[in-house]
Amino acid sequence: MKNKIFLFIIILFFIFCFIIFYKGLNNSNIYTPNINNKKDLPIFISKDFYLETEVNSEKIFLDNNFYILNIWASWCVPCRKEHPILMELSRNKSIKLIGLNYRDNLNNAKKFIDELGNPYSQILIDEEGTLAVEFGAYGVPETFIIDKNKKIIKKFIGPLNQKLLKEIKLFLK
Amino acid sequence: MLANQIGYYSLILGLVLSFILSAVSIKDFYNNNQGINQKVLSLSFLQFFFVIISFLSLILSFINSDFSNETVFNNSHTTKPLFYKISGTWGNHEGSLLLWLLVLTLFIFLFLIKSNEQPKKYRILTLLFQQVIIIGFFLFLLKTSNPFNYLFPIPKEGLGLNPILQDPALAIHPPILYLGYVGSSIIFSASLSAVTQNYVSKEWAKHIKKWILISWIFLTLGIMLGSIWAYYELGWGGFWFWDPVENVSLMPWLTLTALLHCVVVLERRIALTSWIIILSIATFMLSMCGTFLVRSGILNSVHTFANDPERGIFILIFLFVLIFLSLGIFFLFHKENNKNLDKIFWLSKEASILINNWFLMYFLSVILIGTTYPIFLDVISAQKISVGPPFYHKLIVPFLIPFLVFMSLGPKLDWIKSKVENKFSLIIFFIISIFLSFFILRKLTPGVLFNTVLISPAFYLFFITTKDLFIKKFKNLSQSIAHFSFSMLLLSILFNSILSLEIITNIKVGEKYNFDKGQIFFQKLEKNKNSNYNSVIGHFKINNNKGKIIYLKPELRIYNQPVTITSEADIKTTLLADTFLVMNLVKGKEYFNIRYQVKPFMIWIWISVLLLSLGGLMSLLKKKYEK
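Since this is a predicted model, take the numbers as computed values, not measurements.

Engineer: Can you lay out the overall build of chain B for me, pointing to particular residues and giving the numbers?
Structural biologist: Looking only at helices and strands, one finds 17 helices and ten strands in chain B. Counting all 627 residues of chain B, 46% fall into the buried class. Considering only residue pairs separated by 6 or more positions, chain B has 72% of its internal contacts joining residues 24 or more positions apart.

Here it is in structure tokens:
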């Protein structure tokens, strides 16, 4: 009898642990570091994806808009996953999406866009990967939010998902 | 390309073999033949063989930098040195799970070969329980983390192995640690099967002790290597940080140590049987729990590879299935042995082992709570906290004192019932250690009283074990060595933490910084180019008050794939102390932030852990148990 009560309590305890761990797993654990002093946009010269002409960074971020800069590549598997979310973001009129094509083969990149759609208002080429470094990127994909004062106010490491999308939308309000 | 296919299909074949093997052994279980059917042995070998083929083909893909393999693409790069390409195989989530599987199948095969004298049904049941674990891992690997995912179009270049993982100690530490972790799976399966067969006996204890020792030795070495890596490569200026993943490796070590001592009791008399089974189950569950905590990304730590909840849920469910399975078996089959046999006289070796067991369990619960409490709190009240070293130090250190005293006295007692002999020498040693620690500490540190109380039992254990080591000669040498090195380990850790010196300052080239025991002079800066990183080396000259001059050259490395800056500490090791210097860039300024440390007895920490595992090894190789 004693044993049975004991067993029952143990089982309850483990079930409790299971629930806690299960819930803990679903909590997002991606910590995006809060950038306290907002970073200035780097000034750079890059090539346009379609026209292959040189563009100056000051001319890209001209409008009085929020900008989202997304670093992507056709060979990047998570980029493929986050693409629908970018497409959804692009429907929002108050922001402009800028793509930064990172160390890519131009043909593959164009196929990628043809296949999945183009969410970007402009795409820049970063053949050497140096531009991404200037932005302080760790890898692909990465997404930066740039406010009206041309400062980077937030960055997301790794692919965007529905949760982060909500966060971004909150930010823009 | 081809290696990819071969690897993948060998994995599937391995899984299929699991089912065939289970079926064949169940049939053999009801067969009245003596000894296990030869088929079972060959099938088990075949399974191991397929997993090794799969593992080798993954290594081959890494060596060839075959980026059509997603794992290789994510974790390797053509410019990596060959050694790190190979170690990259298990430096990531998928590969390390494949390694788990490799060790699982290897161990069960070895178990079958080495357990010829054991009852047949017990061996077969062990195999079956082990197959449950193996099937679980096969499914986990194939379903959520296939190491052979195919990529198209084939990328030209990989994303690189994390540069902080490019270190020899780290490269070999996962395999060693896994041998320990996964080795405990055999203990788990064997104890479950022993319970069902009512075979928890003296013979069983003798046989399972070997497996406990093997796991224990590898776990000890693995933890040490991990800690060496943290010390030399991470450059945080310490060897143990109570990082969740470090804790996770320490927890099974504690239960395994407790188990090792209990099994010694069981070798003598039928006692503590339930406790031994619980410890065996707990050890493997804690190893699994470790895998869960590390792999699911539920905790943040330097070790978290995967942030994929699907994987987490799989291991979580698997873990709890195993927990409930073992609970069920334990409560259904386990019979308490005759009660009066279980009585333990208070002044006996058993009693002291039991007391030390309680202390070990106390340490375990402190660590377990410290590691998992943040998760519980986060879920229940959405508060984020992190539990740091002060928590562990405050709760563990005071209890080390009685622990060490019991550890000194315990081995002096006899089995079953004993009287204290040689009281005189024991007391003399105790007084000597108190005085010795007081006089050593009086000059060196302000907190004399507390530290004396702490250091004296460590010295006490040290003296008594030293005496045992030299006077008792070869009587139970392995135990003497293990206890001696443990006391050495504690003494070095304690002195290391009490006497460490640390200076943190900002300094620029050509500047001098004076402190009360000497002077640091930043002489010059040197720039270098290497194949996969660029480096900046600082030249420092450190004058000691005693006129000793040390030159230290810490380094900053800028790796190109992916772009990561790491700082390499420069460490000069002598028998008495390590001097340690690490520098970091201060953003936008010409200043460098440097951390200079003098850490006494560092090398003795590593030496004593090595000795500790040597003690285990000697016990393993010892043919007969000495009285």
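After that view, the rundown keeps rolling.
Engineer: Kindly report on the overall build of chain A, identifying the contributing residues and their values.
Structural biologist: Helix and strand content of chain A: six helices and eight strands. Counting helices and strands in the order they occur from the N terminus, chain A gives α-β-β-β-α-β-α-β-α-β-α-β-β-α. Taken over the C-alpha trace, chain A has a radius of gyration of 21 Å; the compact-globule value for 173 residues is 16 Å, which it surpasses by more than 25%. On the principal axes, the C-alpha backbone points of chain A span a range of 85 × 35 × 30 Å. Expressed as a percentage of its 173 residues, the buried residues of chain A come to 29%. Long-range pairs, those at least 24 residues apart, make up 74% of the contacts in chain A between residues at least 6 apart in sequence.

Engineer: How would you explain the pairing of strand β2 (residues 512–515) of chain B if you had to name every residue and give the values?
Structural biologist: All names here are of chain B. Sheet analysis places β2 next to strand β3 (residues 518–529), joined by four bridges and oriented antiparallel. Bridge pairing links Lys-512 to Phe-521 in β3. Hairpin geometry of β2 and β3 is characterised by an intervening segment of two residues between the two adjacent antiparallel strands.

Engineer: Tell me about the pairing of strand β5 (residues 549–552) of chain B, and name the residues and values.
Structural biologist: Residues and elements named next belong to chain B. Of the strand pairs in this sheet, strand β4 (residues 533–544) and β5 are connected by four bridges, and their pairing is antiparallel. When the bridges of β5 are listed, Lys-541 appears paired with Tyr-551. In this structure, the hairpin formed by β4 and β5 is closed by a connection of four residues, where Gly-547 is found at a positive phi of approximately 90°.

Engineer: Before we move on, can you summarise unusual backbone geometry with the specific residues and values?
Structural biologist: Residues and elements named next belong to chain B. Its identity is not glycine, yet Ser-65 carries a phi of approximately 50°, on the positive side. Following the sequence through the fold, Ser-65 ends up in the loop between α2 (38–63) and α3 (70–75). The backbone phi angle of Trp-242 is positive, close to 55°, even though this residue is not glycine. Of note, Trp-242 is situated in the loop between α8 (202–234) and α9 (244–268).

Engineer: Pulling in residues and values, what's your account of the confidence of the model for chain B?
Structural biologist: Per-residue confidence for chain B gives a mean pLDDT of 84; residues scoring 70 or more make up 91%. Both confidence scores are given for the complex: pTM 0.79, ipTM 0.77.

Engineer: Lay out the sheet that holds strand β5 (residues 95–102) of chain A in plain terms, naming residues and giving numbers.
Structural biologist: Residue and element names in this part refer to chain A. If you trace the eight strands from one edge of the open sheet to the other, you get β1-β8-β7-β4-β5-β6-β2-β3, paired in mixed fashion. Only two strands of the sheet have a single neighbouring strand rather than two, namely β1 (39–40) and β3 (54–56). Here strand β2 (residues 45–48) pairs with strand β6 (residues 122–126) via two bridges, running antiparallel. Pairing of Lys-47 across the sheet is with Ile-125, part of β6.

Engineer: A description of the packing of helix α7 (residues 168–196) of chain B against helix α10 (residues 273–295) of chain B should follow, citing residues and the corresponding values.
Structural biologist: All names here are of chain B. At their nearest, the axes of α7 and α10 sit 8 Å apart, and the two run at 145° to each other. Every pair of crossing elements has a handedness; the one defined by α7 and α10 is left-handed. Contact with α7, carried on its side by Tyr-181, Ser-184, Ser-185, Ile-187, Phe-188, Ser-191 and Val-195, involves Ile-277, Ser-280, Ile-281, Thr-283, Phe-284 and Ser-287 of α10 and no other residues of that element. Along the lines of polarity and charge, the residues of the contact of α7 with α10 split into seven nonpolar, six polar and no charged.

Engineer: Let's hear about helix α5 (residues 93–114) of chain B: which residues, and what values?
Structural biologist: Relative to the 32 Å expected for 22 residues at 1.5 Å per residue, α5(B) spans 31 Å between its end C-alpha atoms, a close match to the ideal helical length. Where burial is concerned, most of α5(B) is hidden: 18 out of the 22 residues are buried.

Engineer: An account of the confidence of the model for chain A is requested, with residue identities and associated values reported.
Structural biologist: Summarising the model, chain A shows a mean pLDDT of 80, and 91% of its residues fall at 70 or more. When the criterion is pLDDT under 50, residues 30–34 of chain A qualifies, and its contacts beyond four places in sequence or with other chains add up to seven contacts.

Engineer: Can you explain the sheet that holds strand β8 (residues 570–573) of chain B? Please cite residues and give values.
Structural biologist: Residue and element names in this part refer to chain B. Strand order across the open sheet formed by four strands is β1-β10-β9-β8, with antiparallel pairing between neighbours. Lying at the two open borders of the sheet, with one neighbouring strand each, are β1 (501–507) and β8. Each strand of the sheet is rotated relative to its neighbour by a mean of 10°, with strand direction disregarded. Pairing between strand β9 (residues 577–585) and strand β10 (residues 592–600): nine bridges, direction antiparallel. For Phe-580, the partnering residue across the bridge sits in β10 and is Gln-597. Across the sheet, helix α17 (residues 602–621) is in contact with β8, β9 and β10; its angle to β9 comes to roughly 115°.

Engineer: An account of the environment of Thr505(B) is requested, with residue identities and associated values reported.
Structural biologist: All names here are of chain B. Secondary-structure assignment places Thr-505 in strand β1. Taking the C-alpha atoms as reference points, Thr-505 and Ser-531, 26 residues apart in sequence, are found 32 Å from one another. Contacts of Thr-505, omitting those with residues within four sequence positions, involve Tyr-513 and Ile-594.

Engineer: Just give me the short version of the nonpolar core, but keep the residues and values in it.
Structural biologist: Counting 148 residues, the largest nonpolar core has Leu101(B), Leu104(B) and Cys262(B) as its most contacted members. Per-element tally for this core: the top contributor is α8(B), with 18 residues. If we ignore the near neighbours within four places in the chain, the residues touching Leu101(B) are Val51(B), Ile134(B), Phe137(B), Phe138(B) and Leu141(B). Judged by nonpolar contacts, the second largest core, of 29 residues, contains Ile68(A), Ile98(A), Leu100(A) and Ala137(A).

Engineer: I'd like to hear about the environment of Asn4(B), residue by residue, with values.
Structural biologist: Summarising the element assignment, Asn4(B) is placed in helix α1 (residues 2–29). Sequence separation between Asn4(B) and Val294(B) is 290 residues, and the spatial gap between their C-alpha atoms is 27 Å.

Engineer: I'd love a proper account of the packing of helix α16 (residues 477–499) of chain B against α17(B), names of residues and values included.
Structural biologist: All names here are of chain B. Where α16 meets α17, the axes come as close as 8 Å, and the angle between the chain directions of the two elements is 165°. Here α17 runs roughly antiparallel to α16, going by the angle between their axes. In this structure, the crossing between α16 and α17 has a hand that is left-handed. Only Met-602, Trp-604, Ile-605, Ser-608, Val-609, Leu-611, Leu-612, Leu-614, Gly-615, Gly-616, Met-618 and Ser-619 of α17 make contact with α16, whose side of the interface consists of Leu-477, Ser-478, Ile-481, Ala-482, Ser-485, Phe-486, Met-488, Leu-489, Ser-492, Ile-493 and Asn-496. A class-by-class count of the residues in the contact of α16 with α17 yields 15 nonpolar, eight polar and no charged.

Conventions we followed
- Residues numbered from 1 in each chain as written.
- Chains lettered and ligands numbered in written order.
- Predicted model: local features only at pLDDT ≥ 70, side-chain atom pairs only at ≥ 80, totals over all residues.
- Helix = DSSP H or I, 4+ residues; strand = E, 2+ residues; numbered from the N terminus.
- Buried ≥ 20, exposed ≤ 12 C-beta atoms within 10 Å, placed from the backbone.
- Contact = placed C-beta atoms within 7 Å.
- Rg over C-alpha atoms; globule rule 2.2 N^0.38 Å.
- Pairing = 2+ DSSP bridges.
- pLDDT = per-residue confidence, 0-100.
- Axes fitted to C-alpha atoms, helices over the stretch in contact; angles between N-to-C directions.
- Left-handed = near helix turned anticlockwise from the far one by under 90°.
- Nonpolar A, V, L, I, M, F, W, Y, C, P; charged D, E, K, R; others polar.
- Expected span 1.5 Å × (residues − 1).
- Core = buried A, V, L, I, M, F, W, Y, C linked by C-beta atoms within 7 Å.
- Parallel < 35°, antiparallel > 145°, perpendicular 65-115°, else oblique.

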